[in-house]
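Listed below, chain by chain, are the residues.
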Amino acid sequence: MLKNIFSFFKTGSDKDVFTDNKDEIRKIYEQKRWSVFLSITLGYAFFYVARLSLSVTKKPMLDEGILTNTEMGLMGSALLFTYAFGRLTNGFISDRSNIKKFMSIGILVSAFINLVLGFNNLFIFFLILWGINGWFQSMGSAPSMVSISQWFSNKERGTRYGIWNTSHSIGTGLTFIFTAWVVSSFGWRWGFWGPGLLCIVIGILMYIFLQDRPQTYGLPPVAEYKNDHTAIPSSTESVSAAQLEVIKNPAVWILGLSSACMYVTRYAINNWGILYLQETKAYSLVQAGTVLSAYPVLGVVGAIASGYVSDRFFNSKRNVPVLIFGIIQIISIILFLFAPGINPWIDAFYLSVFGFALGAMLCYLGGLMAVDICSKKAAGAAMGFIGIFSYLGAALQDFVSGYLIDKGASTVNNVTTYNFEMAAYFWVGASILSLILAVCVWNAKSKE
């Protein structure tokens, strides 16, 4: 059975270049490049819609007594734990896979899991199914990076990766606006049904428009097409050897730890931000969702800026930009969590600045810096290796945050309020440690 599964997902065989007509090659190449790029960017955004549905339904489910904060924290940890190991495993697999099939199947299964959860009331089934959802969610990020490496050359990669990285923010923004409106209008169950139905449509479209490697269509490798041989050719190195080098590289381990700490803060805002605003500032669900939507909107700008700035002004080096964006991220999250007063516009401003910086940091620490210093034959492995650190950090965050929030709860006249102070210190400390670790690989370079 496993053999049949791997055979289904396996990338196609290389074909001889079908023509010597450069204009015809260019026409087909550019059509497929746009098809690939739009598919992975918009498609991966909807992976987030199917992943963050729980974040929006937390308050209604608390109010109905369906789940506690600790139980929801365990659910979040289950998803992120399986996602972490899935990122590693599926990252290695995606280097050998047909991304067209790999990503579309992943989002379709995730969509069906959301649909099933909308009919459920029992914690144990929430826990198991949400954990399974994490595995299929992991079939999105590394395959996207593999597609970028297959269809875009070395000099294009930073800019294209930065634009693709907007998918994080697009998906998060859609969740905080679309899913919040659906839940407010129709109840928490539609917080799972709505994303599930939407993502089934997206999965079908991805299967239609995504593409396998250029060579499987009789096109030349992208380095030849763009005449961009900026690295020493590694054609004699096998994929397995290149992947082993990823694991042996100390700088990749440090980048993984740095990304893990960054993901603590990122998923703290993603998974607890709406509840934080509802509990500490008495915002309604729609108000909280609207305020939270400010940060992914500016995250799009930060993600696009990150690749362009480092490619254009720093000769594709990421060290100085990551220091600048990291400092901005730390200051903005401190202001959001600890500045006095209740004002939706000011909170949205703080979150906008945070989102701008986070969009860039996700680009650098979430994969690009690791891909830069590893063989391009192991782009998926590099993304997967960073991914397991990132999402183990996020999984730890969800459990610890849920515990700290429940521990600070108090009940007066049968009304329970939640204290976020200790959780907030945890989130800020993680951001500071992330930047310190990132600076430790200031001079890391690729051996190619």
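Quick look at the structure, then.

About the cut-offs
- Residues numbered from 1 in each chain as written.
- Predicted model: local features only at pLDDT ≥ 70, side-chain atom pairs only at ≥ 80, totals over all residues.
- Heavy atoms only, no water.
- Helix = DSSP H or I, 4+ residues; strand = E, 2+ residues; numbered from the N terminus.
- Contact = heavy atoms within 4.5 Å.
- Areas by Shrake-Rupley, 256 points an atom, 1.4 Å probe, with all protein chains shown as cover.
- Buried < 20%, exposed > 50% of the residue type's maximum accessible area, 1.4 Å probe, protein only.
- Phe/Tyr/Trp six-rings, centres within 6.5 Å; stacked < 30°, edge-to-face > 60°.
- Expected span 1.5 Å × (residues − 1).
- Axes fitted to C-alpha atoms, helices over the stretch in contact; angles between N-to-C directions.
- Parallel < 35°, antiparallel > 145°, perpendicular 65-115°, else oblique.
- Left-handed = near helix turned anticlockwise from the far one by under 90°.
- Nonpolar A, V, L, I, M, F, W, Y, C, P; charged D, E, K, R; others polar.
- Patch = residues over 30% accessible without salt bridge, like charges linked within 9 Å, V, L, I, M, F, W, Y side chains within 5 Å.
- Salt bridge = Lys/Arg side-chain N within 4 Å of Asp/Glu carboxyl O.
- Core = buried A, V, L, I, M, F, W, Y, C linked by side-chain atoms within 4.5 Å.
- Polar contact = N/O pair within 3.5 Å; in protein donor to acceptor, adjacent residues only side chain to side chain.

Attention now goes to the overall build of the protein chain. Across its full length, the protein chain holds 19 helices and two strands. Relative to all contacts within the protein chain whose residues are 6 or more apart in sequence, the contacts with residues 24 or more apart total 85%. Accessible surface computed for the protein chain: about 18,000 Å², of which carbon and sulfur atoms make up 67%.

In this structure, Ala303 sits in helix α15 (residues 294–313). Here Ala303 falls in the buried class, since its relative accessible area comes to 0%.

Take the packing of aromatic side chains next. Summed over all chains, the structure comprises 26 aromatic pairs. The interplanar angle of 70° and the centroid separation of 5.7 Å between the aromatic rings of Phe37 and Phe152 together place this pair among those described as edge-to-face. In this pair, Phe37 is assigned in helix α2 (residues 22–51) and Phe152 in the loop between α7 (141–151) and α8 (154–164), connecting sequence segments 115 residues apart. Judged on exposure class, the residue Phe37 and its partner Phe152 are both buried. Residues Trp181 and Phe186 carry aromatic rings whose centres are separated by 5.9 Å and whose planes lie at 90° to one another, so their mutual orientation is edge-to-face. The exposure class of Phe186 is exposed, given its relative accessible area of 53%. Pairwise contacts between aromatic rings join Phe119, Trp181, Phe186, Trp190 and Trp193 into one cluster.

Tracing the backbone through its elements, the reader meets Leu433 in helix α19 (residues 421–439). With 171 residues separating them along the chain, Leu433 and Met262 place their C-alpha atoms 8.3 Å apart.

Given a rise of 1.5 Å per residue, 20 residues ought to cover 28 Å, and the 28 Å separating the end C-alpha atoms of helix α10 (residues 190–209) matches this to within 8%. Those residues of α10 lying buried are Gly191, Phe192, Trp193, Gly194, Pro195, Gly196, Cys199, Ile200, Ile202, Gly203 and Met206. Next to the buried residues of α10 lie α2, α3 (53–63), α5 (99–117), α6 (123–137) and α9 (166–186).

Packing of helix α4 (residues 69–94) against α6 leaves a shortest axis separation of 7 Å and a crossing angle of 25°. On the basis of the axis angle, α4 is roughly parallel to α6. Crossing of α4 against α6: the hand is right-handed. Residues Glu71, Leu74, Met75, Gly76, Ala78, Leu79, Thr82, Tyr83, Phe85, Gly86, Thr89 and Asn90 of α4 form the contact with α6, whose own contacting residues are Phe123, Phe126, Leu127, Trp130, Gly131, Asn133, Gly134, Trp135 and Gln137. Residue composition of the contact of α4 with α6, grouped by class: eleven nonpolar, nine polar and one charged.

A grouping of Leu122, Ile124, Phe125, Ile128 and Ile132 is seen on the molecular surface, where their side chains present a nonpolar patch of about 450 Å² in accessible area. Relative to the helices and strands, Ile132 is located in helix α6.

This part is about the pattern of salt bridges. Scanning the model with the defined rule gives five salt bridges in all. A salt bridge links Asp23 to Arg26, with the nearest nitrogen and oxygen atoms 2.9 Å apart. Separated by three residues within a single helix, Asp23 and Arg26 lie in helix α2, roughly one turn from each other. Assessed through its relative accessible area of 54%, Asp23 is described here as exposed. Classification of Arg26 by relative accessible area gives partly exposed; the value is 41%. Here the salt bridges do not stand alone but share partners, grouping Lys59, Asp63 and Glu279 into one network.

So, on to the nonpolar core. In terms of nonpolar packing, the biggest core is built from 116 residues, with Phe126, Phe336 and Tyr391 touching the most fellow members. Look past the residues within four positions of Phe126 in its chain and what remains in contact with it is Met61, Ile66, Leu67, Met75, Leu117, Asn120, Asn121, Trp188 and Phe192.

Quick look at the packing of α9 against helix α13 (residues 250–281) now. Packing of α9 against α13 brings their axes to within 11 Å, and their N-to-C directions diverge by 10°. On the basis of the axis angle, α9 is roughly parallel to α13. Residues His168, Thr172 and Phe176 of α9 form the contact with α13, whose own contacting residues are Arg266, Ile269, Asn270 and Ile274. Of the residues contributing to the contact of α9 with α13, the split by class is three nonpolar, three polar and one charged.

In this model α5 runs 27 Å from its N-terminal to its C-terminal C-alpha over 19 residues, within 8% of the 27 Å that 1.5 Å per residue would give. Most of α5 is tucked away, with 14 of its 19 residues classed as buried. N-cap assignment for α5: the residue whose side-chain oxygen lies 3.0 Å from the backbone N of Lys100 is Asn98.

Everything listed here is a matter of coordinates, which is why it stays silent on function.
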